Amino acid sequence: MAMRKENIVVTRRSFIAGTASTGLIMGLGSLLPGCSSDDAASDIANGGASKQFSPAVWFEIDGNGAILINIAKAEMGQHVGTSLARIVADELGADWSKVSVKYVDSDPKWGYMVTGGSWSVVTSFAMLSQAGAAGRSVLLEAGAALLGVAVDECGVANSRVEANGNHVSFAEIVSKGDVSRVFSDEELAAMPIKPAAERQFIGHDTRALDIPDKTTGDAVYGLDAELPGMVYAHPMIPPTRYGSTINSIDDTAARDIPGYLQTIEINDPSDIIQSWALVIADSFPAAMKAAKVVNVDWTPGETATVSEAQLFSEGAKLAADNNAGTLFVDHGDVAAARAAAATTLTASYRTGSALHFTLEPQNALVEFVDGVCHVHAGNQWQSLIIPYLAAALQIEESDIVIHQYYLGGGFGRRLFGDQMIPAAIAARELDRPVKLVFERADDSRFDCVRSPSVVKFDASFDDSGDLTGIEHAVVAGWPTLAMAPGFLGAGVDGNGKFDGFSVNGADHWYTLPNHRVRAINNDLAQRTFLPGWLRAVGPGWIGWGVECFMDEIAARLGQDPVEFRLSLLDGSGKNAGEAPRAVGGAARLAAVLRDVSERANWGRALPAGEGMGVAVSFGQERDKPTWTACIAHVAVDPESQAVNVKKIWQSLDCGTVVHPDGALAQAEGATLWGLSLALHEGTRFRDGQVADTNLDTYQPLRISDVPKLDIQFMDSTEFPTGLGEPPLIAVPPAIGNAVFAASGVRVRDLPIRL
């Protein structure tokens with residue numbers, strides 16, 4: 001099913017403040033076509049909301065001074081609510097102890113809702129800063145009037161407006177002051193934002209708002225949701241993701257199980273869910289027990305015999321075809337450099353299938369109330385799944401509401417809420433709330449798998465041995481093609497489309513005289529499974545090839561791997577960077593590389609069988625880079641060939657660190673997941689399905705294998721960028737390069753097996 005494209009014309013942006021029955025409500029967003037700011041402000045004043053104003057952020061101060069900041073992002077352990085609230089509260093001049101957050105539902109007034117790509121802070125920082133500063137301006141004016149002084153005599157701190165030893169609290173201002181105000185887009189752009197030295201919360205240790213409830217068990221996840229009269233559903237998943245058909249369902253053996261109700265076939269007009277059945281019971285244990293004896297006879301689809309080897313073979317064939325794919329980078333003349341080369345170097349790198357394995361398995365609770373579909377689940381991309389739900393249910397998107405909950409892990413799996421579709425179809429058919437819950441094995445079979453990938457590099461060198469060009473072919477299944485085709489990019493020559501989330505990272509910051517990258521879709525992968533976005537997406541596996549191949553080139557040239565990289569990170573031309581997000585360009589990447597090599601004492605003598613490896617990355621996308629450099633110290637057992645990672649160093653430059661504790665936690669988690677993908681976890685396709693469906697055979701990193709970590713952030717006041725994914729990217733290639741340094745064996749497959 002192709003996503004419908006919508007073009008919403010927004011004429012102007014405003015910050016609107018008004019007094020409502022609950023206190024002071026302030027929002028920054030877009031006025032919808034055909035309305036005035038005065039109309040929207042009037043709506044806010046009369047009802048505490050506006051049908052004519054689409055806020056990107058909305059915060060409230062009640063008569064007691066409590067500050068509620070609405071968060072339109074998903075909380076899945078990354079403390080996004082705390083990070084975003086800090087930005088508003090810092091500019092507002094709030095007392096942090098009075099701040100709380102609310103994770104909002106999918107009301108269209110919140111605009112486009114997505115949490116992924118390490119985008120939350122980088123895409124929200126300017127907007128939230130302006131919103132907080134505008135709110136501070138409103139409170140300053142009203143507070144100054146109550147104090148009987150000029151605005152320029154006042155300051156704001158700890159939820160008070162202060163002047164000449166006197167003060168008035170936000171609570172008093174809300175109760176007594178005139179706080180109606182509208183700011184134009186131009187006024188917002190000119191709004192004075194606090195310099196870094198004056199910030200109280202950003203970059204400082206403060207209490208994370210989500211931790212108390214998670215610690216006491218009061219946090220509510222999608223799996224915890226309950227509704228009166230609900231029944232439970234257990235999925236019966238077909239042998240292939242696509243093309244299977246149900247011949248018959250026999251539930252005879254289940255009818256004697258207490259609590260079993262029935263088994264229904266799911267017919268999805270959107271064709272996302274194909275040939276499913278749901279076992280329905282009054283409890284989930286009963287549903288699980290019944291599912292083991294319900295017999296569904298399927299005819300499998302055409303991919304029922306596909307294996308990992310076939311997926312790799314198809315990838316290698318496509319990578320070798322110089323006419324395949326869409327041009328993603330085309331700098332200089334790679335073909336001419338190749339033709340004139342004195343010597344060449346060719347290598348292929350591969351990554352195997354990997355799963356998300358979120359701690360909380362997929363689930364959704366759905367009920368219909370007066371024709372409106374209410375979905376209770378944690379989700380990362382509400383604006384993506386709602387159109388699919390509408391197509392499956394054949395109702396209007398406006399008749400669907402997704403109620404947000406904490407996510408027990410997202411990692412990209414919950415960017416697509418396809419588990420909501422069968423639950424919604426069943427709830428309507430049964431005319432009662434239906435809670436669909438996956439067991440671990442079913443969750444794995446239904447996963448949006450990180451596609452196996454094949455990349456091929458061809459480097460050319462002139463008579464002097466200098467590197468003259470690199471051609472890079474990148475082959476994988478494309479998640480964006482499957483789920484969000486409207487986000488596909490156009491080839492740099494105007495021909496074809498590509499999935500940026502399956503090729504980003506190939507457009508690196510190394511200065512090369514000639515560089516070409518082709519993005520190629522593996523159609524066999526696309527037809528076999530639903531490719532997914534797994535933490536760090538394309539760069540998470542593309543960096544493996546790029547950085548290991550750079551080491552191969554350095555070895556060919558007899559150069560130190562760090563010095564070779566520094567020679568290419570000269571910041572010339574397109575690699576100079578630009579404001580506001582990529583100030584400094586490759587020079588900042590070189591800086592983190594120098595920093596980590598100094599801290600790790602790069603180049604020192606090591607015992608036999610040990611080695612260090614280096615890799616760099618810039619995060620997810622060139623226009624919002626997080627500069628990362630990693631060094632891994634490994635030991636390779638000469639007899640067993642076991643690889644032991646002794647220590648990992650990382651230097652990170654994400655600009656301004658908004659939430660230090662959360663930033664370090666994300667960096668540590670991403671680093672360890674990078675290690676896990678490098679040495680431990682992974683699966684393979686067998687008979688059209690993933691072979692490993694539970695943690696007995698799919699074995700991620702264990703605590704006993706965790707090495708020492710030394711992660712440092714560069715001091716910076718530059719624009720903040722993302723941290724959820726970038727620290728993962730350089731870890732696998734750093735380990736792979738360290739294995740070569742320790743053993744002389746060049747590994748080209750992930751996970752690494754000697």
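Small disclaimer: the values here were computed from a predicted structure and weren't measured. Starting afresh in each chain, residues are numbered from 1 along the sequence in its written order. Under the rules for a predicted model, residues below a pLDDT of 70 receive no local features and side-chain atom pairs below 80 are neither given nor counted, while totals for whole chains, interfaces and linings still include all residues. Heavy atoms from the whole structure form the basis of all side-chain values; hydrogens and water molecules are not counted.

**Q** Account for the packing of helix 15 (residues 537-557) against helix 20 (residues 731-743), naming residues and giving values.
**A** The angle between the axes and the distance between the axes are what describe a pair of packed helices. Only the contacting stretch of a helix is used when fitting its axis, a line to C-alpha atoms as for every element, and angles between N-to-C directions run 0 to 180 degrees. The secondary structure listing takes helices from DSSP runs of H or I that are at least 4 residues long and strands from runs of E that are at least 2 residues long, numbered from the N terminus. One way to put it is that helix 15 packs onto helix 20 with a least axis distance of 8 Å and a crossing angle of 35°. The two elements helix 15 and helix 20 meet at a crossing, and its hand is right-handed. Here Gly543, Trp544, Glu547, Cys548 and Asp551 of helix 15 lie close against helix 20, whose contacting residues are Pro732, Pro733, Gly736 and Asn737. Side-chain classes follow a simple rule in which Ala, Val, Leu, Ile, Met, Phe, Trp, Tyr, Cys and Pro form the nonpolar group, Asp, Glu, Lys and Arg form the charged group, and the remainder, Gly included, forms the polar group. Across the contact of helix 15 with helix 20, the residue classes tally to 4 nonpolar, 3 polar and 2 charged. Crossings are assigned a handedness: left-handed for a near helix turned anticlockwise from the far helix by less than a right angle, right-handed for a clockwise turn. Working rule for contacts: check all heavy atoms of both residues, and any pair within 4.5 Å makes them a contact.

**Q** Could you give me a rundown of the pairing of strand 21 (residues 453-461), with the residues and numbers involved?
**A** Only protein chains enter the area calculation, which uses a 1.4 Å probe; residues under 20% of their type maximum are buried, those over 50% are exposed, and those in between are partly exposed. Among the 9 residues of strand 21, 9 are classified as buried, and the element is accordingly described as predominantly covered. Side chains Ser453, Val455, Phe457, Ala459 and Phe461 project from strand 21 onto one buried face, and the interleaved Val454, Lys456, Asp458 and Ser460 project onto a second face that is buried too. In the sheet, strand 16 (residues 343-351) pairs with strand 21 via 9 bridges, with the strands oriented antiparallel. Within the sheet, the bridge partner assigned to Tyr349 lies in strand 21 and is Val455. The pairing criterion for strands is at least two bridges between them, as found by DSSP.

**Q** So what's going on with unusual backbone geometry? Which residues, and what values?
**A** Here the amide bond leading from Ala579 into Pro580 is cis, since omega sits at 0°, within 30 degrees of zero. Looking at the secondary structure, you find Pro580 in the loop between helix 16 (561-568) and helix 17 (586-599). Residue Pro751 follows Leu750 across a cis peptide bond; omega there is -5°. Positionally, Pro751 belongs in the segment after strand 32 (749-750). A positive phi angle, close to 55°, is found at Gln394, a residue other than glycine.

**Q** Quick one: what's the story with the nonpolar core, residue by residue and with numbers?
**A** Counting 74 residues, the largest nonpolar core has Ile470, Phe549, Ile553, Leu593 and Ile735 as the members making the most contacts within it. At 9 residues, helix 15 tops the list of elements feeding residues into this core. Excluding residues that lie within four positions of it along the chain, Phe549 makes contacts with Leu345, Ala347, Tyr349, Phe457, Ala459 and Ile470. Note on terminology: a nonpolar core comprises buried Ala, Val, Leu, Ile, Met, Phe, Trp, Tyr and Cys residues joined through side-chain atoms within 4.5 Å. Grouped together as the second largest cluster of nonpolar side chains are 52 residues, Ala17, Ile71, Val99 and Val658 included.

**Q** Quick one: what's the story with the packing of aromatic side chains, residue by residue and with numbers?
**A** Only Phe, Tyr and Trp rings take part, Trp by its six-membered ring, and two of them pair if their centres are within 6.5 Å. Stacked means planes under 30 degrees apart, edge-to-face means over 60, and tilted covers everything else. For the structure on display, the rule yields 23 aromatic pairs. Both rings, one in Trp96 and one in Phe201, keep their centres 5.4 Å apart while their planes meet at 45°; by these two values the pair is tilted. Of the two residues, Trp96 is situated in the loop between helix 2 (80-92) and strand 5 (99-103) and Phe201 in the loop between helix 5 (185-189) and helix 6 (211-216); the sequence distance between them amounts to 105 residues. Using a relative accessible area of 8% as the deciding quantity, one classes Phe201 as buried. Relative to Tyr406, the ring of Tyr221 has its centre 5.7 Å away and its plane inclined at 45°; by these criteria the two rings are tilted. Separated by 185 residues along the polypeptide, Tyr221 in the loop between helix 6 and strand 10 (231-236) and Tyr406 in the loop between strand 19 (400-403) and helix 11 (420-430) bring together distant segments of the chain. For Tyr221, a relative accessible area of 23% corresponds to the partly exposed category. Judged by its relative accessible area of 13%, Tyr406 falls in the buried class. In textbook terms, an aromatic cluster arises when at least three aromatic residues are bridged by ring pairs, as seen for Tyr112, Trp119, Trp381, Phe487, Phe501 and Trp533. As a reminder, the over-ring test applies to NZ of lysine and CZ of arginine, requiring each to be within 6 Å of the ring centre and within 35 degrees of the ring normal. Directly above the ring of Phe740 sits Arg746, whose terminal nitrogen or CZ lies 3.7 Å from the centroid.

**Q** Which residues make up helix 16, and what are the values?
**A** The buried count for helix 16 comes to 6 of 8 residues, which makes it a mostly enclosed element. Those residues of helix 16 hidden inside the fold are in contact with strand 22 (467-476), helix 15, helix 17, strand 26 (610-617) and helix 20.

**Q** Give me the pattern of salt bridges: which residues, what numbers.
**A** When a carboxyl oxygen of Asp or Glu is within 4 Å of a side-chain nitrogen of Lys or Arg, the pair counts as a salt bridge. Tallied over the full model, the rule gives 29 salt bridges. Between Arg527 and Glu302 there is a salt bridge, and its shortest N-O distance comes to 3.2 Å. Residue Arg527 is located in helix 14 (residues 523-528), and its partner Glu302 is located in the loop between strand 14 (295-299) and helix 8 (308-320); the two are separated by 225 residues in the primary sequence. Residue Arg527 is classed as partly exposed on the basis of its relative accessible area of 34%.

**Q** Can you break down empty space enclosed by the protein residue by residue, with the values?
**A** Throughout, the protein atoms alone are placed on a 1 Å grid, and a set of points is a cavity if a 1.4 Å probe fits but cannot get out or a pocket if it is open with protein on both sides within 12 Å along at least five of seven lines; lining residues have an atom within 4 Å of a point. Grid points are joined across faces, edges and corners, and a volume is the space filled by probe spheres set on the points. One pass over the full model with this rule turns up 6 cavities of 30 Å³ or more. The computed volume of the largest cavity comes to approximately 160 Å³. Taken together, 20 residues form the lining of the largest cavity, with Thr240, Arg241, Arg445, Phe446 and Gln689 sitting closest to its centre. The set of elements that each furnish at least two residues to the lining of the largest cavity consists of helix 12 (440-445) and strand 30 (689-690). Broken down by class, the residue content of the lining of the largest cavity amounts to 11 nonpolar, 6 polar and 3 charged.

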